[in-house]
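What follows is each chain in one-letter form.
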Amino acid sequence: MLTRALAILCLAVPLLPAQPKIGIIEVFGTRKVTPEKLKRALNIVEGGAMPQSKNDAETKLIGLEDVVNADIEAVCCDQGKAILYIG
């Protein structure tokens, strides 16, 4: 039974849609921190991969000096690439 479930899962995984690349990064609500510093902290660039975990990315930003709160949202899609909002 377990073997059959694993076989079905292995066949289904390639059918899952690939995570879109980042097309646009929009930063809002910053006062003391530059958008470049936030992008560097998350190791993201337009055309690159999305952060693996929303929660981990927000926690990483909150750990930066002068960042009180953080919110990250991705909206799909602009020409097949995600729009990533960082605030």
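Residues numbered from 1 in each chain as written. Predicted model: local features only at pLDDT ≥ 70, side-chain atom pairs only at ≥ 80, totals over all residues. Heavy atoms only, no water.

Trainee: Pulling in residues and values, what's your account of the pattern of salt bridges?
Mentor: One pass over the structure, following the stated rule, counts 3 salt bridges. For Lys54, the salt bridge identified is with Glu58, shortest N-O distance 2.7 Å. Placement of the pair is Lys54 and Glu58 together in helix α3 (residues 54-62), with a separation of 4 residues, close to one helical turn. The exposure class of Glu58 is buried, given its relative accessible area of 13%. With its nearest N and O atoms 3.2 Å apart, the salt bridge here joins Asp71 to Lys54. Of this pair, Asp71 sits in the loop between α3 and β2 (72-78) while Lys54 sits in helix α3; the two residues are 17 residues apart in sequence, bridging distant segments of the chain. Within the structure, one salt-bridge network assembled from shared partners comprises Lys54, Glu58, Asp71 and Glu73. (Salt bridge = Lys/Arg side-chain N within 4 Å of Asp/Glu carboxyl O. Helix = DSSP H or I, 4+ residues; strand = E, 2+ residues; numbered from the N terminus. Buried < 20%, exposed > 50% of the residue type's maximum accessible area, 1.4 Å probe, protein only.)

Trainee: Give me the lowdown on unusual backbone geometry, citing residues and values where you can.
Mentor: The omega torsion of the bond from Cys76 to Cys77 falls at -5 degrees, within 30 degrees of zero and hence cis. Position of Cys77 relative to the elements: it lies in strand β2. The phi torsion at Asp66 lies on the positive side, around 75 degrees, for a residue other than glycine. On the secondary structure map, Asp66 appears in the loop between α3 and β2.

Trainee: Can you tell me about the side chain of Glu58, naming the residues and giving the values?
Mentor: Here the side chain of Glu58 touches Ile72 through a polar contact of 2.9 Å, landing on its backbone nitrogen. Excluding anything up to four places from it in sequence, Glu58 contacts Ala70, Asp71 and Ile72. (Polar contact = N/O pair within 3.5 Å; in protein donor to acceptor, adjacent residues only side chain to side chain. Contact = heavy atoms within 4.5 Å.)

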